[in-house]
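Topology and contacts: notes
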2 protein chains.
Amino acid sequence: MRDFGPEQVQKRQYIINTIKSVFELYGFMPIETPVMENLTTLNGKGGEESDKLLFKVLNSGDYLKKAEQQHLEEKNYKSLLPNISEKGLRYDLTVPLARYVVMHQNELTFPFKRYQIQPVWRADRPQKGRYREFWQCDADVLGSDSLLNEVELIQIFAKVFKQLGIEMNIHLNTRKLLVAMVELSGKQDKLTSFTVILDKLDKIGIDKVIELLNEAGFNAKTFDLVKAIANNSSDFLNSEVAKQLAQTETGKVGLQELNKILSLIDDETKQQVKIDATLARGLDYYTGPIFEIKAAGFSGSLGSGGRYDNLTGNFGLPGVSGVGISFGLDRIYDVMKDQNLFPTSNTNITQVLLINFDKETEQQVFQLTTQLRQTGLKTEFYPTQAKLKKQMKYANDKNIPFVILAGSRELESGKLTLKNMQNGEQQEADIKTIISILKDSIGNE
Amino acid sequence: MRDFGPEQVQKRQYIINTIKSVFELYGFMPIETPVMENLTTLNGKGGEESDKLLFKVLNSGDYLKKAEQQHLEEKNYKSLLPNISEKGLRYDLTVPLARYVVMHQNELTFPFKRYQIQPVWRADRPQKGRYREFWQCDADVLGSDSLLNEVELIQIFAKVFKQLGIEMNIHLNTRKLLVAMVELSGKQDKLTSFTVILDKLDKIGIDKVIELLNEAGFNAKTFDLVKAIANNSSDFLNSEVAKQLAQTETGKVGLQELNKILSLIDDETKQQVKIDATLARGLDYYTGPIFEIKAAGFSGSLGSGGRYDNLTGNFGLPGVSGVGISFGLDRIYDVMKDQNLFPTSNTNITQVLLINFDKETEQQVFQLTTQLRQTGLKTEFYPTQAKLKKQMKYANDKNIPFVILAGSRELESGKLTLKNMQNGEQQEADIKTIISILKDSIGNE
């Protein structure tokens, strides 16, 4: 897990603020949920695989109180677990959303449009671009099956990445086409395994995918369909394979979904949308359109999402259809850093440092800080009478653009020295003039 | 632990943004540290008491792998712990700061002024105003023993609470006066126990404090001193008891500290500062000036802080003096809610809802949303053709101030209906006029 220094925090905050403002432009409202949830809530959805990724929190006090002697003696960590741990750290923001909606259903206005920007944890082996603590920025609409929601979420993707300056494509598919493929192959019961294997296409290539499908018991029909979608290079919706998929009812509805979404999207955004029938998305709960954001030259997605029909079903509220997207803050940060996309101006840092010359003038110079700060200038006064060189080095190290030097002579005459740290220029002026110079040159709001 | 809905999140954000902007005005820069720290780090400072408050995270996978059979059989949860858990959730932001500074010491510029606004966790019994998950907003200066830092931190307190509209007093003391009291009593070895007992004065009253001091082995001299400081009602610095404390070297230095701080503070802030020799602060590590913010009619402090001389010593970096303050977000929220201090205007909510009349006009009306959003107006389009009443209720429930009604007749004529949801007034206008009406009435930035 990582520490973030001032520069990183501010750059991450820049991304978060951009995402937040676009979410709000589309009418999404923020919620926040606790870091810990009951393990029964967190386990609700995932199988053993996702259970492994959970950080579990020991019960407080004597956590062995309720432990069974037998489990202890056998060192059976699986059976012992429910007796010593009841809570875990959330591993995504979707499960807490489902729990939240069910718990607060009577206070909420549906369709419920919420966004949530918080960290999540996975007990994964850390690797490049993957962290055990990372942030998700999610927006979801619950209680509406209108495809207008999909269109708006795609527009949100487009707007955020445009504002951040990241070039990307929005890959669009629907789970219904995957269902159509297993139906055409007569393998309706193997949808999950089909999805999981197809999801690996980007990483392992088509030959290896066919091999895995073969091992998993799929047939020649499946292989043909998968090869056809993988090789399709242009207009998928009018391709041969699309016509085949349209022979099933599910496939037909899926193609209608994609056509409807495309018909509603504005022209600018449409140019970034790629219908991609190979897009599978790992997660089980998607049932309709799915999206993924890919940036050229960057493996892994910068964002993703999709429609689910029964997210809150596990928590006793069936029949709520929803659709959501998620931005991957850490990966977006990495891309922006690689491509040098962060704005260079940084208005969050100290704008002026007052030098601390001697005991005699300390109090008088210190009073100037109050005056400067009242005008909104981010101001520091060096707290001790360190050597001038050291104080100047402090300004340099912190990238403070201006320094004010005021010894007893300057204070008496009312003419202080202002030094521009970038070009080394110095000028003498009274404090009012200095304030207006600082405000002008910094472009303070 | 608590969920926060949209209104709460936005109000909390308002407080956080206020604190943040003042921290930055004084040259503090943000850092963020992981939620989990090694238990060895977290335990470094506290005794068994603070250890009890830690949420401990089970090691991943087979957490019993390294467990000793004997500890398991004896159900010895204390001895077993180090073998099954290596990490815990941070319980404050001070320990992570110390760890951070030691770890990154070569990259940092000293004096190091950082702020940190993040949640912390304590496995406490929840009670009013006390939560198991809560936020701290800390600012600290490390590597400077100048009292100017104390003065600036006091000014930060004053500025933040002024901006929030909260009336409060800044109680100021120094640990050195407490040291002087135990020295005068000949009980130098009992400083911690003296501090812990004195810290309860507000809650249990003077008689009970004397009783506890008696039980803890203090003497008549201590009782007299404590009674004298508790009864002192006016000018403490010139009181009899202050003169007594000045007889010890530590007491003398302590009084000089307080005088120096007062001499540097601006007049407006000084009016809110109360020298309070009974202020003790619970934490062990303070060695110099200490502060606490108290609001009339509200028990418990809204903020606190103090100077420590050896925070990083435990982590191998001795001799770094620092001073810091912390705002209690949750309590500030409670006070502001009680006193109705939150601004009523809320610019974060959706500003206009477009009604979705029928399939025929859906696409055309949907395109208006893009136009509205491009001007920065927070806009929603109801995603289905629900009954008008239901759509209007949606706007009402979400406090959306304006609704646009555009059926095929309106779209044809170019005159849309704009309804003000607060006064019920309706007017017909083209989209450009509507946009300027909305921008004017909402005072959009």
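Criteria and thresholds
- Residues numbered from 1 in each chain as written.
- Chains lettered and ligands numbered in written order.
- Predicted model: local features only at pLDDT ≥ 70, side-chain atom pairs only at ≥ 80, totals over all residues.
- Heavy atoms only, no water.
- Phe/Tyr/Trp six-rings, centres within 6.5 Å; stacked < 30°, edge-to-face > 60°.
- Helix = DSSP H or I, 4+ residues; strand = E, 2+ residues; numbered from the N terminus.
- Buried < 20%, exposed > 50% of the residue type's maximum accessible area, 1.4 Å probe, protein only.
- Lys NZ or Arg CZ within 6 Å of the ring centre and 35° of its normal.
- Pairing = 2+ DSSP bridges.
- Least-squares fit on C-alpha atoms with pLDDT ≥ 70 in both.
- Contact = heavy atoms within 4.5 Å.
- Expected span 1.5 Å × (residues − 1).
- Arc of directions from axis to C-beta.
- Domains from an automatic or database assignment.
- Polar contact = N/O pair within 3.5 Å; in protein donor to acceptor, adjacent residues only side chain to side chain.
- Buried area = accessible area lost by both parts, 1.4 Å probe.
- Salt bridge = Lys/Arg side-chain N within 4 Å of Asp/Glu carboxyl O.
- Nonpolar A, V, L, I, M, F, W, Y, C, P; charged D, E, K, R; others polar.

Here we come to the packing of aromatic side chains. Considering all chains together, one arrives at 32 aromatic pairs over all chains under this definition. Judged by centre distance (5.7 Å) and plane angle (85°), the rings of A:Y63 and B:Y77 are edge-to-face. With A:Y63 in the loop between β3 (56–58) and α4 (69–73) and B:Y77 in helix α5 (residues 77–84), this pair bridges two chains. Overall, the relative accessible area of 3% leaves A:Y63 in the buried class. Taken together, the ring pairs in this structure connect A:F23, A:F28, A:Y115, A:F157, A:F161, A:F291 and A:F327 into an aromatic cluster. Cation over ring: A:R2 sits above A:Y131, and NZ or CZ is 3.3 Å from the ring centre. Taking NZ or CZ as reference, A:K113 lies 5.0 Å from the ring centre of A:F28, over its face.

Moving on: the pairing of strand β10 (residues 303–308) of chain A. All names here are of chain A. Within β10, 6 of the 6 residues are buried, which leaves the element mostly enclosed by the surrounding structure. Side-chain alternation along β10 places G303, G305 and R307 on one buried face and S304, G306 and Y308 on a second face that is also buried. Taken together, the 5 bridges between strand β9 (residues 286–294) and β10 define a ladder with antiparallel strand orientation. Across the sheet, the residue bridging to E292 is S304, located in β10. The pairing of β10 with strand β11 (residues 322–328) spans 6 bridges and is classified as antiparallel. Considered in β11, the bridge of G303 is made with F327.

A separate point is the relation of the copies chain B and chain A. In screw terms, the move from chain B to chain A is a rotation of 180° and a rise of 0.0 Å along the axis, fitting with an RMSD of 0.1 Å. What the rotation and shift describe, once combined, is the action of a two-fold rotation axis. Taking C-alpha positions as reference, the residue of chain B nearest the rotation axis is B:V57, located at 2.2 Å. A share of 100% of the interface residues of chain B reappears at the interface of chain A, consistent with the copies meeting face to face through the same patch.

Our next topic: helix α12 (residues 220–231) of chain B. Residue and element names in this part refer to chain B. End to end, α12 covers 16 Å across 12 residues, agreeing with the expected 16 Å (1.5 Å per residue, within 8%). The complete set of buried residues in α12 reads T222, F223, L225, V226 and I229. Along the long axis of α12, the arc covered by the buried residues comes to 165°, so they all point the same way. Exposed residues lying more than 90 degrees from the buried face of α12 are D224 and N231. Buried residues belonging to α12 abut α8 (175–184), α9 (191–198), α11 (206–215) and α13 (240–245).

What follows is about unusual backbone geometry. The omega torsion of the bond from A:F110 to A:P111 falls at -5°, within 30 degrees of zero and hence cis. The residue A:P111 is located in the loop between α6 (94–103) and β5 (112–121) in this model. Positive phi, normally seen in glycine, also occurs at A:N340, with a value near 60°. Mapped onto the secondary structure, A:N340 falls in the loop between α15 (329–338) and β12 (352–354). When its relative accessible area of 66% is taken as the criterion, A:N340 is described as exposed. One non-glycine residue, B:K75, lies in positive phi territory at about 50°. Among the secondary structure elements, B:K75 is positioned in the loop between α4 (69–73) and α5.

Our focus in this paragraph is the domain arrangement of chain A. One can read the domain layout of chain A as domain 1 (6–32 + 91–338) and domain 2 (352–442). Here the C-alpha centroids of domain 1 of chain A and domain 2 of chain A sit 53 Å apart.

Moving on, we get to the side chain of B:H171. Relative to the elements of secondary structure, B:H171 occurs in strand β7 (residues 169–174). A polar atom in the side chain of B:H171 sits 2.9 Å from the side chain of B:D276.

Turning next to the interface of chain B and chain A. Listed by partner, the interface residues are 91 residues for chain B and 91 residues for chain A. Buried surface at the junction of chain B and chain A, summed over both partners, amounts to about 7900 Å²; 59% is from carbon and sulfur atoms. Broken down residue by residue, the surface that chain B buries against chain A is led by B:D3, B:E32 and B:K75, which jointly contribute 9%. Linking chain B with chain A are 8 salt bridges, by the criterion used here. Across the pair B:E152 and A:R373 runs a salt bridge, and its minimum N-O distance is 3.0 Å. Put simply, chain B and chain A have 35 residue pairs in polar contact (both at pLDDT 80 or more) between them. Here the residues of the side of chain B that touches chain A are counted per class, giving 41 nonpolar, 26 polar and 24 charged.

Before going further, it helps to spend a moment on the environment of A:G165. Residues and elements named next belong to chain A. Counting through the fold element by element, G165 comes out in the loop between α7 (148–164) and β7 (169–174). We classify G165 as partly exposed; its relative accessible area is 39%. Remark: the alpha-carbon pair of G165 and N348, spanning 183 residues in sequence, is separated by 21 Å.

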